[in-house]
Every structure is written in structure tokens, then in C-alpha cells.
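Structural features, examined
If you want the building blocks of each chain, they are given just below.
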Amino acid sequence: MSLRLGALGLLVLSTGCIVPSAKQPKPRSAPCGEPSKCEAACKAGDEDGCLELATQLLYGKAIEKDGPRAAGLASAACDQGNQRGCSLLGVMYELGQGVPRDLARAFRLYEASCEAGLGHGCAGVGWLYLEGKGVAPDHSKAAAYLTRACERGDRWGCGRLASMYWAGDGVVQDAQRTFNLAERACQLGQPQPCLFLGHQRLSGARLPRSEDAAYWFYARACEQGAAYGCYLAGWMKKRGQGTYTDHARALALYQRGCDWGELRSCTALGLMYENGEGAEPDVGRARALYTHACINGNSRACAGLGNLYRSGRSVEKDSVRAAVLFDGACQKDEAYGCNALAEMKAAGEGISADSERARELYERACKLGQAKACEHAKVPSVVAPPP
């Protein structure tokens, strides 16, 4: 089960007995945020503070992981009839974190929690039926429970149900129902449906094309923690697609995406620093960003790094190393790398000249969308996709 489900389950006492609770979920208190504040809130008797601390301990959020302690906190809240405490304990039983893994118990916890009114509990039952974990797979039942979860405001339930309607999995395929559910999930804070709707709006394949709407959905996904959403929102903000052009804002969006591990964001950020877009030129910082992204597998970053070695900007000029970087990028279908290597081969720039190899590289770059390469390859140009 994905950690994205959050807390799902019901009451388990220290004796191991499962005790259903009819107590309805109460409104949550304001988040305490930092582990130290949650610790203080918990000691003061705030159950929600204890549960937030338990979640932090379970997933290692700004604190060292401690599954057994997380289970103890969740169990204590559950003993008091707090459905969210029981839910979190249910997740632990399913994942085997802090407690022994027990799928049958997890199912019973989720089911009882669902009947007590907690949407996360319904989502948990739906997930287990969908995956056949602890129960026989039954996608129709999964859809029924996920519907209940979504009706109770569970964002994951809405998002997963949307994907089922999109594929016709356990339900009759229904694109409009998919879009409605995805929009609800996005509004509730689930980033993946926001990305899905952004793609649909940008492509215009099944929904009316709207760059404004696409940008809004990508920015929303970024706000909800999706690094790819930050990259796409930054890409559109830089170009003024669906929004006004703002290089400083694009830079900030790329930075957030890069900080969260999106290598395309790191590469785009490097390019902006190299060119002085949205900030003063900083080729040294661009080189560091390209190096990080290249080492981790981004071919466009390798091409960008190759360009620095080719020109000798921020590094000692090294044509051979540049050619190696361009070649590696080209082998991964990076058009810029193919074109740059073709230029070097055609001119014998620091490497042996080879006009035939240069022509082949220009042709490949052209097919990959590098328009200026088509002039050398003598073939029609192809529109390049986003980086």
C-alpha cells in the first residue's frame, strides 16, 4: 500500500484485541508542524498532536524514524476512540512498520474505520480489494469503497477512483466522471490528478485546450509537493504560456522542483543561471547544477555541461571531454548533444574531422527536433518537444 494513503485503521489494544469504536471522527486541531511542538502538544494531552508526531516518527519527517514509538502513540489515541489514531495504526499493520505485518488485521481495521465514518478507512479497504492484499481481488468492491472514501473527502480515494473510471477498471469507462473525480482530488490536495488535468488541458485531447487551465493545474500540483508540477509550471512561466512571463518566478519554480529531486528542473535552472535569466549570470552555479543532473542521468544536463567545456566558461576548455559529454547525451536522444557533436565533427574542433559522421549526427538531431540541424542535414525540420 502506498504511503500516500496516510492513516487508515481502527482500535487495537495492547492485548492485541481489535475493538470497534462507534465514536465518529472529530474535527482536527490546527497542525503543530515541527516535531518539538508536536511533542509538547502531545504531552499536554492533544491527541492530534500525538498523531502528527506519530506520523513524523513513522515516516522520518524532520525527525529520526521510530516505528515502535509511532505505533505506541497511535495505539494510545486509538484506545481513546480516535479514529485517525486507529487509521494510522492500520497503516502500520499493513506495511509492517512499528508492528508485525498483518494484512487480515489491517483489512478489519480499515473496514471498521470506514463504517465509523472515516474516509481513509474506506480508501484502505478499497486499496486492499484493488491489490488483492489480505483478501481476494475484487475491483468492483474496490470501486464501491473508493466511492465512499471520496464522498467523505478522502483525496486519495477520489484520485484512485478517477484512474479506475479512466481505464474502465471495475467500473464502466467514463471520461467525464474521471475528470470530475480528478478535479475533486486535486482540490483536496492530491497532486497526481492535478498533473493529469494539466496534461489534458494542454493537449486538448479530451478536454478543451486551455494553457491558462494547464498552468493553474501544474502550479497547484507544485504547491502540493509534486516536483514535476514545479518543473512544468516553471517551463510555462518562463515562456508566458497560460500565464504572464516572469523569469524570477520561473527560477523559483525550477529551484523548488530541483530541491525535490526533479532533474529536469535542475537542468532548466542551470540554463537560466548560465544565461542570466531571472537572476544575475552565474556560470559556476550552472555548472554545479548541470554536473549534479548529468551524474544522475539527465542527458540535457550532460549536453549543457559539454557546452561549458567546449567554450571554456567556468572550466578549463576541454574539447575532448565536451565531445564525450555530447556523444553520451546524443546516445540518449538529446537533440542538442547530437547537433553540438555534429558541429565539432564537421569542423574538426579539438577532435578529428569526419564529415560523414557529422552528416549522420545532423540528421539525428533534426529528427529529434533541432531545427538548425535540418539545414545541414537537408531534411524537413521537426518541432522539438519541451525539454
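This one's a predicted model, so the numbers in the text were calculated from it and none came from an experiment.

**Thoughts on the side chain of lysine 237**
Note that lysine 237 resides in helix α12 (residues 227–239). Lacking a salt bridge, the buried lysine 237 has aspartate 246 as its closest oppositely charged neighbour, with an N-O distance of 5.3 Å. At a separation of 3.4 Å, a polar atom in the side chain of lysine 237 contacts the main-chain carbonyl oxygen of tyrosine 244. Aside from chain neighbours lying at most four places away, what touches lysine 237 is Tyr215, Thr243, Tyr244, Thr245, Asp246, Arg249, Ala250 and Leu253.

**A word on the pattern of salt bridges**
Considering all chains together, one arrives at 17 salt bridges under this definition. Note that glutamate 94 is salt-bridged to lysine 133, the shortest N-O span being 2.9 Å. In this pair, glutamate 94 sits in helix α4 (residues 83–95) while lysine 133 sits in the loop between α6 (119–131) and α7 (139–151), placing the two residues 39 residues apart along the sequence. Residue glutamate 94 shares its accessibility class with lysine 133, and that shared class is buried. In this structure, arginine 357 engages glutamate 360 in a salt bridge whose closest nitrogen and oxygen atoms are separated by 3.6 Å. With arginine 357 and glutamate 360 both in helix α19 (residues 355–367), this residue pair falls three residues apart, about one helical turn. Through salt bridges with shared partners, a single network forms among Arg310, Glu343, Glu349 and Lys372.

**Quick look at the confidence of the model for the protein**
Keep in mind that low pLDDT regions are not for reading the predicted coordinates in detail. Across the protein, the average pLDDT comes to 89, with 90% of residues at or above 70. Long-range and interchain partners of residues 1–23, a stretch whose pLDDT sits below 50, account for 80 contacts in this model, where long-range means more than four residues apart.

**A few points about the packing of helix α2 (residues 47–59) against α4**
It is the contact of α2 with α4, at a shortest axis distance of 10 Å, that shows an interaxial angle of 15°. Comparing the axis directions of α2 and α4 gives the class roughly parallel. Both α2 and α4 take part in a crossing whose hand is left-handed. Here Asp48, Leu51, Ala54, Thr55, Leu58 and Tyr59 of α2 come into contact with α4, specifically with Arg84, Gly85, Leu88, Val91 and Met92. Looking at the contact of α2 with α4 residue by residue, the classes come out as seven nonpolar, two polar and two charged.

**Digging into the state of the cysteines**
Inspection of every chain in the model, using the stated rule, returns eleven disulfides. Between cysteine 78 and cysteine 86 runs a disulfide, and the two sulfur atoms are separated by 2.1 Å. Disulfide cysteine 78-cysteine 86: the torsion about the S-S bond is 100°, which places it as right-handed. Each member of the pair, cysteine 78 as well as cysteine 86, is classed as buried.

Thresholds, definitions, all that
- Residues numbered from 1 in each chain as written.
- Predicted model: local features only at pLDDT ≥ 70, side-chain atom pairs only at ≥ 80, totals over all residues.
- Heavy atoms only, no water.
- Helix = DSSP H or I, 4+ residues; strand = E, 2+ residues; numbered from the N terminus.
- Buried < 20%, exposed > 50% of the residue type's maximum accessible area, 1.4 Å probe, protein only.
- Lys, Arg positive; Asp, Glu negative; His and termini not counted.
- Salt bridge = Lys/Arg side-chain N within 4 Å of Asp/Glu carboxyl O.
- Polar contact = N/O pair within 3.5 Å; in protein donor to acceptor, adjacent residues only side chain to side chain.
- Contact = heavy atoms within 4.5 Å.
- pLDDT = per-residue confidence, 0-100.
- Axes fitted to C-alpha atoms, helices over the stretch in contact; angles between N-to-C directions.
- Parallel < 35°, antiparallel > 145°, perpendicular 65-115°, else oblique.
- Left-handed = near helix turned anticlockwise from the far one by under 90°.
- Nonpolar A, V, L, I, M, F, W, Y, C, P; charged D, E, K, R; others polar.
- Disulfide = S-S within 2.5 Å.

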